[in-house]
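Structural characterization, general
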Amino acid sequence: MEWWLSIPKVELHAHLNGSIRNSTLLELARELGEKGTIVFSDFEHVIRKNDRTLCEVFKLFDLIHVVTTDHKTITRITKEVVEDFAAENVVYLELRTTPKRNDSIGMSKRSYMEAVVDGLRSVSSSNLDINFSCDDLEKFSKYQTKKKIIVRLLLSIDRRESTASAMETVNLALEMKDMGVVGIDLSGNPTVGEWETFFPALKFAKEQGLSVTLHCGEVPNSVEIQAMLDFLPGRIGHACCFQDEEWRKLKSYKIPVEICLTSNIRTETISSMDVHHFADLYKENHPIVLCTDDSGVFSTILSNEYALVSSAFGLGKMELFELARKGVDFIFAGNEVKMELMKVYESAARTLD
Ligand code: 6MZ
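Definitions and limits used
- Residues numbered from 1 in each chain as written.
- Predicted model: local features only at pLDDT ≥ 70, side-chain atom pairs only at ≥ 80, totals over all residues.
- Heavy atoms only, no water.
- Phe/Tyr/Trp six-rings, centres within 6.5 Å; stacked < 30°, edge-to-face > 60°.
- Helix = DSSP H or I, 4+ residues; strand = E, 2+ residues; numbered from the N terminus.
- Buried < 20%, exposed > 50% of the residue type's maximum accessible area, 1.4 Å probe, protein only.
- Polar contact = N/O pair within 3.5 Å; in protein donor to acceptor, adjacent residues only side chain to side chain.
- Contact = heavy atoms within 4.5 Å.
- Disulfide = S-S within 2.5 Å.
- Pairing = 2+ DSSP bridges.
- Near = heavy atom within 4 Å.
- Areas by Shrake-Rupley, 256 points an atom, 1.4 Å probe, with all protein chains shown as cover.
- Nonpolar A, V, L, I, M, F, W, Y, C, P; charged D, E, K, R; others polar.
- Axes fitted to C-alpha atoms, helices over the stretch in contact; angles between N-to-C directions.
- Parallel < 35°, antiparallel > 145°, perpendicular 65-115°, else oblique.
- Left-handed = near helix turned anticlockwise from the far one by under 90°.
- Right-handed = clockwise from strand over helix to strand, strands pointing away.

With that out of the way, let us pick up the packing of aromatic side chains. Evaluation of the coordinates by the stated rule reveals 9 aromatic pairs. Each ring, one from Trp195 and one from Phe199, has its centre 5.8 Å from the other, and the planes form 55°; the classification is tilted. Placement of the pair is Trp195 and Phe199 together in helix H8 (residues 195-207), with a separation of 4 residues, close to one helical turn. Of the residues examined, Trp195 reaches a relative accessible area of 7% and is grouped as buried. Summarising the aromatic geometry, the rings of Phe242 and Trp247 are spaced 4.8 Å apart at their centres and angled 45° between planes, so their arrangement reads as tilted. By the burial criterion, Phe242 is buried, and Trp247 matches it.

To continue, consider the side chain of Thr300. As for its position among the elements, Thr300 is in the loop between strand S9 (288-290) and helix H13 (302-313). Residue classification places Thr300 among the buried residues on the basis of a relative accessible area of 6%. There is a polar contact of 2.6 Å between the side chain of Thr300 and the side chain of Glu305. Beyond its immediate chain neighbours, meaning those up to four positions away, Thr300 contacts Thr262, Thr292, Ser295 and Glu305.

As a further point, take the state of the cysteines. Scanning all chains against the criterion turns up 0 disulfides. Here Cys241 stays unpaired: no disulfide links it, and the sulfur of Cys240, its closest cysteine neighbor, is 5.7 Å away. Given the relative accessible area of 18%, Cys241 is considered buried. Of all cysteine sulfurs in the structure, the one in Cys291 sits closest to Cys260, which takes part in no disulfide; the separation is 5.2 Å. Overall, the relative accessible area of 0% leaves Cys260 in the buried class.

The element strand S2 (residues 90-97) is extensively covered by neighbouring structure, given that 8 of its 8 residues are classed as buried. Two strands pair when backbone bridges link them, and strand S1 (residues 9-15) and S2 are joined in this way by 5 bridges, in the parallel orientation. By the bridge assignment for S2, Lys9 is matched with Val90.

All right, on to the site of the ligand then. With respect to spatial proximity, 19 residues lie near the ligand, and among them His65, Thr97, Thr98, Lys100 and Asp294 are the closest. Between Asn17 and the ligand, the recorded distance is 2.9 Å, taken from a backbone N or O atom to an oxygen atom. For the ligand, a nitrogen atom lies 3.1 Å from a polar atom in the side chain of Asp293. Calculation on the ligand without its partners gives an accessible area of 520 Å², and the protein chains cover 99% of this total. Residue composition of the shell around the ligand, by class: 5 nonpolar, 9 polar and 5 charged.

Turning our eyes to something else, we now look at the packing of helix H7 (residues 163-175) against H8. Each packed pair of helices is defined by two parameters, the angle between the axes and the distance between the axes. Here H7 crosses H8 at 15°, and the two axes come no closer than 8 Å. Comparing their axes, H8 and H7 come out roughly parallel. The element H7 and its partner H8 pack so that their crossing is right-handed. Residues Thr163, Ala166, Met167, Val170, Asn171 and Leu174 of H7 touch H8, and the partners they reach there are Thr197, Pro200, Ala201, Phe204 and Ala205.

The next thing to look at is the pairing of strand S6 (residues 211-216). With respect to burial, S6 is a largely interior element, 5 of its 6 residues being buried. Strand direction decides the pairing type here: strand S5 (residues 181-187) and S6, joined by 4 bridges, are parallel. When the bridges of S6 are listed, Leu186 appears paired with Leu214. The β-α-β motif built from S5, the intervening H8 and the parallel element S6 has right-handed crossover chirality. Note: S6 against strand S7 (residues 235-238), 4 bridges, orientation parallel. Each residue of the ladder has a partner; that of Cys216, found in S7, is His238.

Turning our eyes to something else, we now look at the side chain of Glu161. Tracing the backbone through its elements, the reader meets Glu161 in the loop between strand S4 (146-158) and H7. At a separation of 2.8 Å, a polar atom in the side chain of Glu161 contacts the side chain of Lys109. Here the side chain of Glu161 touches Asp158 through a polar contact of 2.8 Å, landing on its backbone nitrogen.

Turning our eyes to something else, we now look at the environment of Ser311. Along the polypeptide, Ser311 turns up in helix H13. Within the structure, the side chain of Ser311 is placed 3.2 Å from the backbone oxygen of Leu308, a separation counted as a polar contact.

The values reported here are purely geometric and, on their own, carry no functional implication.
Set out below in structure tokens:
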């Protein structure tokens, strides 16, 4: 595992509220339990459960959102999530989250995002290119030297949202470009909502120069999958339930795929590793990048996803280092950041063992 921890990695598919530390989640739930807002033992039972179907995962997210509603908590979890990724040598993180409005506590989509940005700032004062020493991560003690992580943000549109609400998120993303927002994600329960509802906002985002990534094919839905591919998003996530025609389109359009192995297996969208599409896409040299999806919910870390590929598909260290390096080609940040990351990989390549 140490080798996977030590190589530089880019994380392009991580949901903020899915990446919370279990210990933080339990602490927050306990506090709400004491106030009588929730029944702690019910919450604890759901959090500690390991195997969840896709449907159960979305129920869990609703529960997580109950304990992470206020601005202070959003700031805290953002800081912790960035620290955890940096601790395992993630050198570039595109963190995605759904801006939430909650009138009862005076939260607007903008103030939610400002709380996220405060979290990034509290990791470091050096704007969004965050330099810091990890001092509270016992699990990676060997890697607690000074680390640098570059963080950018994607604003997610939840599939439960209306066209107007999706448009509001895109406008917010445009307003927050100078705060590290580089794109838009479409996510949420794939059995809910229609592509036509989100299309106007996503099209507008693209026209305005924002990058777009879509959760695509988490459940079988040929019509939607093909419409999504024809939209030519910058990347897609998952691609689990594709038919031949959809594979053909994906490959001919060369749309990069964010691969989330543990998530796909845990949610049973893919029945086992030996039938996972990673193998075929890798063999065909299709653009792919390994990601965690929800490291908290699925109890994984990015280094573990690399270790999994090594054991399940027999890739060697050099091949995996190259796979990690290629992830840089698919980031949504601009060329300056890409060049900086290239240098990180060049220097790491010289010290490979
Ligand atoms: C689809 C997912 C997801 O935005 O509150 N999300 N959407 N498929 C998945 N695979 C299992 N994992 C997470 O983070 C949590 C939200 O991200 C989306 C869901 O909308 C979930 O509510 P934020 O930070």
